[in-house]
Amino acid sequence: PLLAALALPTAVNAETWYLLGRANKANNWTVAMPNEEQCESEGKRFLNKDNWKGDKMNYPSYICIKGK
C-alpha cells in the first residue's frame, strides 16, 4: 500500500512543471509545481530580493520546465 501511495501522485498528475532556480554557480534548486502558472508566479517571487532574509543573492534566475 505504501508503494502504491508513493506512485499514485505521479500517475494522477501527468503534467508537472519544474521550477529551476539558481542563485549562483553553487546554489541551485529544483521544485515540482502543479502547473505552469504557479511555476511562473513562484519564479517571479524567487527573483524578488525583498523576499530573502540575510545576505542578498547576486543575479538570481529561474526557468520553468514541463515534465512528463
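Per-chain numbering applies: the sequence of each chain, read as written, is numbered from 1 onward. Residue-level local features of this predicted model are given only where pLDDT is at least 70; pairs of side-chain atoms are given and counted only at 80 or more, and the full residue set underlies all totals for whole chains, interfaces and linings. Just so you know, side-chain values use all the structure's heavy atoms and leave hydrogens and water out.

Next up on the list: the nonpolar core. Formed by W17, L19, M33, C39 and C64, the largest nonpolar core amounts to five residues. Setting aside residues up to four positions removed in sequence, W17 forms contacts with V31, A32, M33, N35, E36, C39, C64, I65, K66 and G67. Think of a nonpolar core as a cluster: buried Ala, Val, Leu, Ile, Met, Phe, Trp, Tyr and Cys residues, connected wherever their side-chain atoms sit within 4.5 Å. With a 1.4 Å probe rolled over the protein chains alone, any residue whose accessible area is under 20% of its type maximum counts as buried; one over 50% counts as exposed, and the rest are partly exposed. By definition, residues are in contact when any of their heavy atoms lie within 4.5 Å.

The subject of this paragraph is the packing of aromatic side chains. For any two aromatic rings, the description comes down to two numbers: the centre-to-centre distance and the angle of the planes. Pairing of aromatic side chains requires ring centres within 6.5 Å, counting the rings of Phe and Tyr and the six-membered ring of Trp. Pairs whose planes differ by under 30 degrees are stacked, by over 60 edge-to-face, and all others tilted. Scanning all chains against the criterion turns up one aromatic pair. Considering the side-chain rings of W29 and F46, the 5.8 Å spacing of their centres and the 70 degrees angle between planes classify their relative orientation as edge-to-face. Of the two residues, W29 sits in strand β2 (residues 27-33) while F46 sits in helix α2 (residues 36-47), which places them 17 residues apart along the sequence. Under the relative-accessibility criterion, W29 is labelled partly exposed at 37%. Taking relative accessible area as the criterion, F46 reaches 13% and is therefore assigned buried. Segments assigned H or I by DSSP are reported as helices when at least four residues long, segments assigned E as strands when at least two residues long, and all are numbered from the N terminus.

Attention shifts here to the pairing of strand β1 (residues 17-24). The side chains of a regular strand alternate, residue by residue, between the two faces of the sheet. Strand pairing requires that DSSP identify at least two bridges connecting the strands. Judged from the seven bridges that link them, β1 and β2 form a sheet pairing that is antiparallel. The residue of β2 that forms the bridge with R22 is N28. Hairpin geometry of β1 and β2 is characterised by an intervening segment of two residues between the two adjacent antiparallel strands. Across six bridges, the pairing between β1 and strand β3 (residues 61-66) is antiparallel. Its bridge partner lying in β3, L19 is registered against C64.

These results come straight from atomic positions and should not be treated as a statement about function.
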